[in-house]
Amino acid sequence: MTTTLANTELDLAKLDRRQVNRALQEAAKGDFTVTNPGGTHALACGLMHPVSVTIKGHCGYYAAGMNKEASVTIEGNAGTGVAENMMSGVVRVTGDASQSAGATGHGGLLVIEGNTSARCGISMKGIDIVVGGNIGHMCAFMAQAGCLVVCGDAGADLGDSIYEARIYVRGRVASLGADCIEKEMRDEHRAELADLLEQAGMDADPSAFKRYGSARELYNFNIDNLDAY
Amino acid sequence: MADYSDAPRTLPKKPWTFDDHTLSEIRRAAATGIYDIRGGGSKRRLPHFDDLVLLGASISRYALEGYREKCGTDVILGDRFASKPLHLKIPITIAGMSFGSLSANAKEALGRGASAMGTSTTTGDGGMTPEERGQSRHLVYQYLPSRYGMNPDDLRKADAIEIVVGQGAKPGGGGMLLGQKITDRVAGMRTLPVGVDQRSACRHPDWTGPDDMEIKIQELREITNWEKPIYVKVGAARPYYDTALSVKAGADVVVVDGMQGGTAATQDVFIEHVGIPTLAAVREAVRALTDLDMHRKVQLVVSGGIRNGADVAKALAMGADAVAIGTAALVALGDNDPALEAEYQKLGTTAGAYDDWHEGRDPAGISTQDPELAKRLDPVKAGHRLANYLAVMTLELQTLARANGKSHVRNLEPEDLAALTVEAAAMAGVPLAGTSWIPGQ
């Protein structure tokens, strides 16, 4: 571990994952740089204080999982479940992210500057996710709350069985899932979207997006909806 | 032409295949167009621990004196990797049941009863309530596909973490909490609109197989400083492989739940036709652990239809380290009490058969979110009843263990068992009573 006045370097070529994660979890504040991540799984997970972490390279599964208050930037790609179940803070991936990005997240902001794969935002519970590129299939499946913003295209079955989360897509949507419909873009939605794009640092015109959400027709079991089950 | 009008008639005979219950279900389905949803576990006669007997001591076994000679009951769960394993006074734990399916008072009572006896209770789908955490000395926090209420603070408050892959009542099925039980508090904990039908996913959102689960376990350990025991709970479907894969993935404890294990609500057809009986599951799970040389290194908790000390003794003799009870614990709290028969009749059922837990109208105040009904359950008194029941089960367990010459219940072994039926002998892998025959061997 190398410490300067401004920054602490944690080198995974010299430290093991437990040592790095413990240092990040126990720090009440400060700036950290993690080097040589080499696709390590479960890196920078469980952070609970407003520290700033920059990971110089690619991460494996569950990077920044359950993040709370911390700001984590992955300068590279992230594996499955980046920022899964995030509570608050900001997680940014400068490259692409694999499947289940931001899964079940309760809060905070996840920014993926590149593309992400299937199930992005699955069961999201309040997290906001902004994707600069495209997303895969079954994204926002059973999404409960929060916003998923997609500057590119969305894969098949977007928003299947969605609850109260909101989806904004600028590009093409391959298909919508059960009970997910296109909805009117009102002023409050344009304002919300503009704010998210600004927070994410995305240069995109809110008026170019369409909004999708729940038709709320499958919220309670109804035999008349048999074809939808 | 002969007159046979006074001749004896054959008694009317109802078909075995189309019995009264089957006919009533056909009529109900025809009237409503909806499948039957209920709580609880399988209600049909299945091979079970009743089909085994403990042999007791004789010339070749030396008995211990009841009430005098010590017979230990404690168990350590989770010492494979966790730095703070659970040390329970008795090998009988309380299975996961959610706040939402149960009232807050019921959850508190479970915590009180379990803590009084030095054992653990378990959260459920819906997160950890302060009532439950506050009253539970040992609290196992379930990590479920829905992740309702999941947060790292509660994760760290827990004494152990149970990754739920499935449950015995419905292996391969998710949870279901119908809208009438989604009150403001339940909705808030689950981030859902009030009054909607809440479906809990049937598979985890961020992994797809055992290799992924291994990484997930690593993440949970990293978040909790490698302190908490991590259980993996599976419904009894393919217990040999599921146990082996859980061990491979790094579990400290494997929980195997047989088809008699209860659920808050699911389709009757699912409960009765998916999964295998607890008796069959125990043997296969133990075989997997033994084959991997991990028996007693990774602990096995068995659940699904455990009712008394005899069931516990037999499960331990087959190789389990502990058991978990759910339905029996609810009965100890006051569920299905004949004293409430008049109210059960109003609901179209009878004490002992009430299983419409999903409707939230439980007159015992247990499987409800109705504040007036929930008030009927005094968590202190109900917790005391549960503690009494656990004490009786433990005394029964010790009695049977001593009779088999064991100074600790963990020393019960398959050689202490015989089977009363060919089916039970085959499933449990113990000899048919009076023979040395184990079917298949």
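Residues numbered from 1 in each chain as written. Chains lettered and ligands numbered in written order. Predicted model: local features only at pLDDT ≥ 70, side-chain atom pairs only at ≥ 80, totals over all residues.

With that settled, consider the overall build of chain A. In terms of helices and strands, chain A carries two helices and twelve strands. Shown N-terminal to C-terminal, the secondary structure of chain A runs as helices and strands in the order β-β-α-β-β-β-β-β-β-β-β-β-α-β. A globule of 229 residues ought to have a C-alpha radius of gyration of about 17 Å, and chain A, at 18 Å, matches this closely. In terms of principal-axis extent, the alpha carbons of chain A reach across some 65 × 35 × 25 Å. (Helix = DSSP H or I, 4+ residues; strand = E, 2+ residues; numbered from the N terminus. Rg over C-alpha atoms; globule rule 2.2 N^0.38 Å.)

What follows concerns helix 2 (residues 104-116) of chain B. In an α-helix there are 3.6 residues to a turn, and that puts residues three or four apart on one side. Residue and element names in this part refer to chain B. The end-to-end C-alpha distance of helix 2 is 18 Å, a good match for the 18 Å that 13 residues give at a rise of 1.5 Å each. Most of helix 2 sits inside the fold, with eleven of its 13 residues counted as buried. Considered for burial, the residues of helix 2 that qualify are Ala104, Asn105, Ala106, Lys107, Glu108, Ala109, Leu110, Gly111, Arg112, Gly113 and Ala114. Contacts made by the buried residues of helix 2 are with strand 5 (92-94), strand 6 (120-122), helix 3 (130-135), helix 11 (327-333), helix 13 (371-374) and helix 14 (379-403). After helix 2 finishes, the residue Gly118 shows a positive phi value of roughly 70 degrees. (Expected span 1.5 Å × (residues − 1). Buried ≥ 20, exposed ≤ 12 C-beta atoms within 10 Å, placed from the backbone. Contact = placed C-beta atoms within 7 Å.)

Residue and element names in this part refer to chain B. Position of His408 among the secondary structure elements: in the loop between helix 14 and strand 16 (417-419). Residue class for His408 comes out partly exposed when judged on the 15 C-beta atoms lying within 10 Å of it. In the structure, His408 is positioned 333 residues away from Val75 in sequence and 10.0 Å away in space, judged by C-alpha atoms. If sequence neighbours within four positions are ignored, His408 has contacts with Cys71 and Gly72.

Moving on to the environment of A:Arg170. Residue and element names in this part refer to chain A. Topologically, Arg170 is positioned in the loop between strand 10 (166-169) and strand 11 (180-183). Between the C-alpha atom of Arg170 and that of Phe209, which follows or precedes it by 39 residues, the distance is 4.1 Å. Sequence-distant contacts of Arg170, defined by excluding residues within four places in its chain, comprise Val150, Cys151, Gly152, Ala204, Ala208 and Phe209.

This brings us to the interface of chain A and chain B. Across the contact, 35 residues belong to chain A and 22 residues belong to chain B. Contributing elements (two or more residues each) for the side of chain A that touches chain B: helix 1 (17-26) and strand 8 (125-131) of chain A.

Residue and element names in this part refer to chain B. What the eight strands build is an open sheet, ordered 5-15-14-12-11-8-7-6; its pairing is parallel. Strands at the two margins of the open sheet, each flanked by one partner only, are strand 5 and strand 6. Each strand of the sheet is rotated relative to its neighbour by a mean of 30 degrees, with strand direction disregarded. Relative to strand 15 (residues 322-325), strand 5 runs parallel, the two sharing three bridges. By the bridge assignment, Thr93 is partnered in strand 15 with Ala324. Helix 9 (residues 278-291) contacts strand 12 (253-257) and strand 14 (299-303) of the sheet and is inclined by roughly 170 degrees relative to strand 14. (Pairing = 2+ DSSP bridges. Axes fitted to C-alpha atoms, helices over the stretch in contact; angles between N-to-C directions.)

On to the nonpolar core. By size, the foremost hydrophobic cluster in this structure holds 197 residues, and its most contacted members are A:Ala44, A:Leu148, A:Val149 and B:Val323. If one sorts the elements of this core by residue count, helix 14 of chain B sits on top with nine residues. (Core = buried A, V, L, I, M, F, W, Y, C linked by C-beta atoms within 7 Å.)

Residues and elements named next belong to chain A. Going residue by residue along strand 4 (residues 52-56), you find Val53 and Ile55 tucked away on one face and Ser52, Thr54 and Lys56 left uncovered on the opposite face. In this structure, strand 3 (residues 31-35) lies alongside strand 4, joined through five bridges in parallel fashion. Within strand 4, the residue paired with Phe32 across the bridge is Val53. Bridge analysis of strand 4 against strand 5 (residues 71-74) gives four bridges, and the strand direction is parallel. Bridge pairing in strand 5 links Val53 to Val72.

Right, let's get into unusual backbone geometry. If you check the backbone angles, A:Ser100 has positive phi at about 60 degrees while not being a glycine. With respect to the secondary-structure elements, A:Ser100 resides in the loop between strand 6 (90-93) and strand 7 (109-112).

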